Amino acid sequence: MRPDLQELSAYYAAAPGDIALGDIDVARIPAHVSIIMDGNGRWAAKRGLDRARGHVAGVDALREAVTAGVRLGFDVLSAYAFSTENWRRPKLEVDLLMSLFAKTLVAELPLFHQENVRLLFLGDLKALPSETYRVFMRGLDETADHDGMTFALAVNYGSRAEIVHAAHELARLVRSGEIDPDDIDQDLFSAHLYTAGLPDPDLLIRTSGELRLSNYLLYQLAYTEFHATDTLWPDFTRWDMLRAIRAFQSRSRRFGGV
Ligand code: IPE
Ligand code: IPE
Ligand code: MG
C-alpha cells in the first residue's frame, strides 16, 4: 500500500536525531514486516518489576508498531506473541498472557476499525482458553472486511507444528482422492500453512538481542532479511521501526541471483 505522505510526515515529525523519515525511501517500504517481540521479562527485571508488567508494557509497544505499520503503508504486519514452547512457562505467567491477549483484543478493536486493519491469527487457536478463543473469533469476524493493513498475530504458533499440520491436511486430500501426490508444489504447500494467502515476510525484526528463530516461520523466512536490535520489546518505538526499514533498504536482496 502507498503511505499517505502527509499523515506519515506528521506521524514522524519529532525525530530523535540519529534517524528521520528522510532516511528511508518511502517508495520501497517492505510489504510484509514480521516481529519476534522479545525481552518483556528482561525489561521488567531491569526495573525491579514483575514479568507481568513487562508483558503489559509490551502491549503498548505493539499498538505503536501497528500504528507505525499503517502509517508506513505495510500490507502485512505480523508479530510473534506466544509460541508452542511458551506453555513451558509458569502457569501464572501463561494465564496472565492468555487473559492479556483477550483483554487487549477487545480494547484495541476500535483502533482496528479506525485504521481499517484486518486481523488474522497464526497458530493452533483451539488449544487456547475458551474466553481468549471467543474474543479472537470475534476480532476475526469484525475485521474481516477491512482492506487496509493485515495484522497477523502468532499465538500458540510453532513452525514445525504448522508444517506437520500442512502435511496432515495434504495427506488427507491425497487419501480422499481430491489431489494427486504430484499436485503438491510450493504454492499448494504454502496454501496449507497458517499464513495461507499472505506474502512471505520481507523483513524480520527480533528485539532483545537474541539471534535465533525460536520456531518462527521456518518455511516462510527463506529469503527474508533479518534485523536484530538490542532494544527490549517494550522500548520499541516508531523510530526503531524506521531504523529497521533503513537497515532493510541498505541490503541487496539477490534471491540467489547475482
Ligand atoms: C516476549 O518476552 C514475550 C513472550 C514470549 C510471551 P519474554 O517474556 O520472552 O521476555 P524475556 O525474553 O524473558 O526477557
Ligand atoms: C520467542 O520468544 C517467542 C515469542 C516472542 C512469542 P521466547 O522468549 O519464547 O524465545 P526463546 O525461548 O528465548 O528462544
Ligand atoms: Mg524471551
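For the structure itself, consult the block above.
Sequence order as written defines the numbering, with residues in each chain counted from 1. Each chain takes a letter, starting from A, and each ligand takes a number, starting from 1, following the order in which they are written. Two thresholds apply to this predicted model, a pLDDT of at least 70 for residue-level local features and 80 or more for giving and counting side-chain atom pairs, whereas whole-chain, interface and lining totals are computed over all residues. To get the side-chain values, take all heavy atoms of the structure and skip hydrogens and water.

(A) Here's a closer look at the packing of helix H3 (residues 51–72) against helix H8 (residues 238–249). An axis is simply a line fitted to the C-alpha atoms; with a helix, the fit covers only the stretch in contact. Between two such axes, the angle follows the N-to-C directions and lies from 0 to 180 degrees. Going along the chain from the N terminus, every DSSP run of H or I of four or more residues is numbered as a helix, and every run of E of two or more is numbered as a strand. The interhelical angle for the contact between H3 and H8, taken along N-to-C directions, is 50°, at an axis separation of 9 Å. Classed by the angle they form, the pair H3 and H8 counts as oblique. In this structure, H3 crosses over H8, and the sense of that crossing is right-handed. Residue-level contacts link Glu64, Ala65, Ala68 and Leu72 of H3 to Arg238, Met241, Leu242 and Ile245 of H8. Note that Gly is not counted as nonpolar here; it falls among the polar residues with everything else outside the nonpolar set of Ala, Val, Leu, Ile, Met, Phe, Trp, Tyr, Cys and Pro and the charged set of Asp, Glu, Lys and Arg. Partitioning the contact of H3 with H8 into residue classes produces six nonpolar, no polar and two charged. Small angles under 35 degrees read as roughly parallel and large ones over 145 as roughly antiparallel, with 65 to 115 read as roughly perpendicular and the rest as oblique. For any pair of crossing helices, the crossing counts as left-handed if the nearer helix is rotated counterclockwise from the farther one by less than a right angle, and right-handed if it is rotated clockwise. We call two residues in contact whenever any of their non-hydrogen atoms come within 4.5 Å of each other.

(B) Spatial organisation of the site of ligand 1. Near ligand 1 the following residues occur: Met37, Asp38, Gly39, Asn40, Gly41, Arg42, Arg51, His55, Ala81, Asn86, Arg89 and Leu97. Between glycine 39 and ligand 1, the recorded distance is 3.3 Å, taken from a backbone N or O atom to an oxygen atom. Side-chain atoms alone can form a polar contact between residues adjacent in sequence; in general such a contact is a pair of N or O atoms within 3.5 Å, and within protein one must be able to donate a hydrogen while the other accepts it. Contact distances for ligand 1 include 3.1 Å between an oxygen atom and a backbone N or O atom of asparagine 40. All accessible areas in this document rest on Shrake-Rupley with a 1.4 Å probe, and a residue is counted as covered only by the protein chains that are shown. Relative to its unbound accessible surface of 380 Å², ligand 1 loses 87% to contact with the protein. Contributions of two or more residues to the shell around ligand 1 are made by helix H2 (40–46) and H3. With three residues, H2 is the single largest residue contributor to the shell around ligand 1. Partitioned by chemical class, the residues of the shell around ligand 1 number three nonpolar, five polar and four charged. A cutoff of 4 Å decides nearness: a residue is near a molecule or strand if any of its heavy atoms lies inside that distance of it.

(C) Inspection of the side chain of threonine 224 at higher detail. Mapping threonine 224 onto the fold places it in the loop between strand E5 (203–206) and strand E6 (225–228). Each residue's exposure class comes from its accessible area (1.4 Å probe, protein chains only) as a fraction of the maximum for that residue type: buried when under 20%, exposed when over 50%, partly exposed otherwise. The class for threonine 224 is buried, based on a relative accessible area of 10%. Within the structure, the side chain of threonine 224 is placed 2.7 Å from the backbone oxygen of proline 201, a separation counted as a polar contact. Threonine 224 has contacts with Pro201, Asp202, Leu203, Leu204 and Arg253, leaving out every residue within four places of it along the chain.

(D) Broad picture of the packing of aromatic side chains. In this scheme Phe, Tyr and Trp rings, the latter by its six-membered ring, pair at centre separations within 6.5 Å, and the angle between planes marks the pair as stacked below 30 degrees, edge-to-face above 60, and tilted otherwise. Counted according to the given criterion, the structure contains 13 aromatic pairs. Taking 5.8 Å as the distance between ring centres and 85° as the angle between the ring planes, the aromatic pair formed by tyrosine 80 and tyrosine 157 counts as edge-to-face. Taken together, the residues span a long stretch of sequence, with tyrosine 80 in strand E2 (residues 76–83) and tyrosine 157 in strand E4 (residues 150–157) at a distance of 77 residues. Assigned by exposure class, tyrosine 80 and tyrosine 157 land together as buried. Summarising the aromatic geometry, the rings of tyrosine 157 and tyrosine 194 are spaced 6.2 Å apart at their centres and angled 65° between planes, so their arrangement reads as edge-to-face. Residue tyrosine 157 is found in strand E4, and its partner tyrosine 194 is found in the loop between helix H7 (186–190) and E5; the two are separated by 37 residues along the sequence. Residue tyrosine 157 is classed as buried on the basis of its relative accessible area, which comes to 0%. Note on tyrosine 194: relative accessible area 24%, which makes it partly exposed. Linked through ring pairs, Tyr80, Tyr157, Tyr194 and Tyr216 together constitute an aromatic cluster. The ring of tyrosine 11 carries the charged tip of arginine 71 above its face, separated from the ring centre by 6.0 Å. Both a distance and an angle decide whether a charge sits over a ring: NZ of Lys or CZ of Arg must be within 6 Å of the ring centre and within 35 degrees of the ring normal.

(E) Quick look at the sheet that holds strand E1 (residues 32–36). The sheet built from six strands is open, its strands ordered E3-E4-E2-E1-E5-E6 with parallel pairing. Each edge of the open sheet carries a strand with a single partner, namely strand E3 (118–122) and E6. Across this sheet, the average inter-strand angle for adjacent strands is 20°, counted without regard to direction. Between any two strands, at least two bridges found by DSSP are needed for them to pair. Here E3 pairs with E4 via five bridges, running parallel. The residue bridging leucine 120 from the neighbouring strand is alanine 152, located in E4. Against the sheet, helix H5 (residues 130–143) makes contact with E3 and E4, and its axis sits at roughly 140° relative to E3, the strand it touches most.

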